[in-house]
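Remarks on the overall topology
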Amino acid sequence: MRESEKLKVVIVGTGYVGLTTGMALAYLGHRVICVDRDSKIVEKLKAGIPTIYEPGLKELLEEVGSAVAFESDLVPVLNGSDVAIIAVGTPSKDNGDTDLSFVEAVAREIGRTLDPEKSPVIVNKSTVPIGTARRVETVIREELERREIQGRISVASNPEFLREGAALHDTFYPDRIVVGTEDIGALNLLRQMYAPILEQTFTPPPAVPRPEGFSLPALVSTSPTSAELIKYTANAFLAMKISFINEFATIAEKVGADITEVAKGIGLDKRIGPGFLKAGAGWGGSCFPKDVRSILFTGRQYNCELALVQAALEVNRLQRKKVIEKLQGLLKVIRGSTVGILGLAFKPNTDDIRESPAIDVIAELLDMGARVKIYDPVAMERYHQSYPDQQVVYCATAEETARDSDALVLLTDWDQFSHLPWEEMAASMGSRVLVDGRNLLDGEKMRALGFAYSGIGR
Ligand code: UDX
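Residues numbered from 1 in each chain as written. Predicted model: local features only at pLDDT ≥ 70, side-chain atom pairs only at ≥ 80, totals over all residues. Heavy atoms only, no water.

The next point concerns the overall build of the protein chain. Helices and strands together make up the secondary structure of the protein chain, namely 17 helices and 14 strands. Its C-alpha atoms give the protein chain a radius of gyration of 24 Å, near enough to 23 Å, the size a compact globule of 458 residues would have. Summarising its shape, the C-alpha atoms of the protein chain cover approximately 75 × 50 × 45 Å along the three principal directions. Counting the 458 residues in the protein chain, one finds 52% classified as buried. For the protein chain, long-range pairs separated by at least 24 residues make up 73% of all intrachain contacts whose partners lie at least 6 apart in sequence. As displayed, the protein chain has an accessible area near 20,700 Å², and 51% of this comes from carbon and sulfur atoms. (Helix = DSSP H or I, 4+ residues; strand = E, 2+ residues; numbered from the N terminus. Rg over C-alpha atoms; globule rule 2.2 N^0.38 Å. Buried < 20%, exposed > 50% of the residue type's maximum accessible area, 1.4 Å probe, protein only. Contact = heavy atoms within 4.5 Å. Areas by Shrake-Rupley, 256 points an atom, 1.4 Å probe, with all protein chains shown as cover.)

Written as structure tokens, this is what we have:
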């Protein structure tokens, strides 16, 4: 990247979105400053220790070195930067509404600090309800007025579409980049910031190789409101797609079809597409559940019933119950049984357990009087931090989880689970019940090992 093309980018918030965006932009040649008010996080990152589990992140942290700085104070670094990205958390409130207090706090701080002469373009990257770009602008203006300062500010909405566990991959190789702004200057600046990604002119980092045949991503330029709605629409649609296949998994079981064959059969139709048609224990994570509830809340505010989205949420709730029902069907009595849980993370390659099916299944099994053994390759510590009082047996390996258990329930499709010594594990169990909540295993093979095996929709 030529010196003149390099931008100074300040990113507020070093969660999944902020940190991966920061690392990628630094790798591409921009000067990046990641700000987090949590000084412990900042110290760790300064020492090159990743604060989240994300493939390739550690390597990239080493590789970008001094191209990225970590600070706990936004004030000294804001003015004079070209772009300031807000990537702080937007948790769910109990009523499904989005808690914007962190976003507003950053906007206020920006307003209290900003010198409009040296103002960066302000970018909303956090997933935020409709109107938040305007709200951020209003809050900044309010603070400027308080300081009796006038001037132009520009706020753009630039939602992210990155998947946990593939966050860097999705940042370097996106399907599209959406920029919502009415300000052509802001659009051009963001186009410049993303140019290496839009044109794929960079040498791929060894830890994040470019997929074969990757075609250039589109830059989708929209109004801020459309950009905000694009994010919710995409996530609601994907969640609905999974719930849809899960609903059909139930009918597939009843009629004796195999949902994986059905998914393949419909996914080859280009209008439908093959992605997000894997039946299983349902969707979780930090995005789908929160975003689905948030858009339902917005729908209610606008007196607009989003019946399909509501149904997707309900199907997802029932899907976790199905796992328990299957266990009841095979094991008969849950009380007093020992059940081993394989997988706590809401999906593989992450230690994130937020809204993971495993959380609900474990709680329900404990409620029903089962003894519950748990294992996950990376999420054990997270689970212990979040549920320190839960009376479960922590296991160091999958084999240990199986030993003396009456049933195993696989809830995360970690690749390593498909290569376990299943024969030995079967031999070490009390009774051989296996509920495969991710359709990861070969049912025939498992049955041959003596397991009473049940997948989802097969
Ligand atoms: C999602 C979106 O994909 C991403 O674009 C957005 O920015 C954030 O939310 P993420 O939550 O990281 O990303 O995970 P994703 O890979 O989308 O999976 C979400 C959940 O759906 C997981 O629990 C996963 O196990 C489940 N899932 C996914 C299925 O059950 N079946 C599928 O076919 C795909």
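Time to look at the site of the ligand. Close contacts around the ligand come from 19 residues, with F161, E164, K278, F346 and K347 the closest. A distance of 3.3 Å is found between an oxygen atom of the ligand and a backbone nitrogen or oxygen belonging to L277. At a separation of 3.1 Å, an oxygen atom of the ligand approaches a polar backbone atom of G284. In isolation the ligand has 660 Å² of accessible area, and contact with the protein removes 91% of it. (Near = heavy atom within 4 Å. Polar contact = N/O pair within 3.5 Å; in protein donor to acceptor, adjacent residues only side chain to side chain.)

Taken as a whole and assessed by the stated rule, the structure comprises one cavity of 30 Å³ or more. Taken as a whole, the largest cavity holds about 60 Å³ of empty space. Taken together, N124, K125, S126, T127, V128, S157, P159, A227, E228 and K231 form the lining of the largest cavity. Per-element accounting of the lining of the largest cavity gives the leading share, three residues, to helix 9 (residues 224–255). (1 Å grid on protein atoms, 1.4 Å probe; cavity = no way out; pocket = protein on both sides within 12 Å on 5 of 7 lines; lining within 4 Å. Points joined across faces, edges and corners; volume = space filled by probe spheres on them.)

Within the fold, T90 resides in the loop between strand 4 (83–86) and helix 5 (101–113). By relative accessible area, T90 is classed as buried at 5%. At a separation of 2.9 Å, a polar atom in the side chain of T90 contacts the main-chain carbonyl oxygen of T127. Setting aside residues no more than four positions away along its own chain, T90 makes contact with T98, D99, L100, V103, S126, T127, V128 and K290.

Now for the pattern of salt bridges. Tallying each qualifying case throughout the model produces 26 salt bridges. The shortest N-O distance in the salt bridge between D360 and R320 comes to 2.8 Å. Note that D360 is positioned in helix 13 (residues 357–367) and R320 in helix 12 (residues 307–331), a separation of 40 residues in sequence. Exposure remark for R320: the relative accessible area of 9% places this residue in the buried category. Close ionic contact of R447 with E444 constitutes a salt bridge, the shortest N to O distance being 3.4 Å. Here R447 and its partner E444 are both found in helix 17 (residues 443–448), three residues apart, which amounts to about one turn of the helix. The partly exposed category is assigned to R447, whose relative accessible area is 40%. Connected via shared salt-bridge partners are R108, E142, E143 and R146. (Salt bridge = Lys/Arg side-chain N within 4 Å of Asp/Glu carboxyl O.)

All right, on to the packing of aromatic side chains then. This structure, assessed with the given rule, holds 12 aromatic pairs. Between Y173 and F214, the ring centres sit 5.6 Å apart and the planes meet at 70°, which makes this aromatic pair edge-to-face. Taken as a pair, Y173 in the loop between helix 7 (167–172) and strand 7 (176–180) and F214 in the loop between helix 8 (184–199) and strand 8 (218–222) lie far apart in primary sequence, 41 residues in all. Each residue in the set Y27, F172, Y173, F202 and F214 is aromatic and connected to the rest through ring pairs, giving one cluster. Its end group placed over the ring of F161, R176 keeps NZ or CZ at 3.6 Å from the ring centre. A cation over an aromatic ring shows up here: R210 above the ring of F202, its NZ or CZ 4.9 Å from the ring centre. (Phe/Tyr/Trp six-rings, centres within 6.5 Å; stacked < 30°, edge-to-face > 60°. Lys NZ or Arg CZ within 6 Å of the ring centre and 35° of its normal.)

Among the nonpolar cores identified, the biggest contains 48 residues, and L327, I341, L344, L365 and W422 are the most heavily contacted of them. In contact with W422, not counting residues within four places along its chain, are L342, L408, F417, L434, L441, M446, L449 and F451. In terms of nonpolar packing, the next biggest core, distinct from the first, is built from 46 residues, L25, Y27, L57 and L187 among them. (Core = buried A, V, L, I, M, F, W, Y, C linked by side-chain atoms within 4.5 Å.)

Another aspect to go through is helix 2 (residues 39–46). In this structure D38 caps helix 2, since a side-chain oxygen of it lies 3.0 Å from the backbone nitrogen of K40. G48 sits one or two positions beyond helix 2 and adopts a positive phi of about 80°.

Below, the discussion takes up the side chain of D183. Position of D183 among the secondary structure elements: in the loop between strand 7 and helix 8. What D183 contacts, discounting residues up to four positions off in sequence, is R152 and S154.

Turning our eyes to something else, we now look at the pairing of strand 1 (residues 8–12). In terms of burial, strand 1 is largely enclosed, as four of its five residues are buried. Direction of pairing for strand 1 relative to strand 2 (residues 31–35): parallel, over a ladder of five bridges. Counterpart to I11 in the pairing with strand 2 is C34. Following the chain from strand 1 across helix 1 (residues 16–27) to the adjacent parallel strand 2, one finds a crossover that is right-handed. (Pairing = 2+ DSSP bridges. Right-handed = clockwise from strand over helix to strand, strands pointing away.)

What follows covers the domain arrangement of the protein chain. Many analyses report the size of an interface as the accessible area lost when the parts associate. Entries for the protein chain in the domain assignment read domain 1 (3–219) and domain 2 (319–454). Domain 1 and domain 2 are separated by 38 Å when their C-alpha centres are compared. With seven residues of domain 1 in contact, the opposing surface of domain 2 contributes nine residues. Between domain 1 and domain 2, the buried area comes to about 620 Å², and carbon and sulfur atoms account for 45% of it. Interface area lost by domain 1 to domain 2 is led by Y16, Y53 and E164, which between them contribute 76%. Taken together, the links from domain 1 to domain 2 amount to one salt bridge. Across the pair E164 and R354 runs a salt bridge whose closest N-O atoms are separated by 3.9 Å. A class-by-class count of the residues in the side of domain 1 that touches domain 2 yields three nonpolar, two polar and two charged. (Domains from an automatic or database assignment. Buried area = accessible area lost by both parts, 1.4 Å probe. Nonpolar A, V, L, I, M, F, W, Y, C, P; charged D, E, K, R; others polar.)

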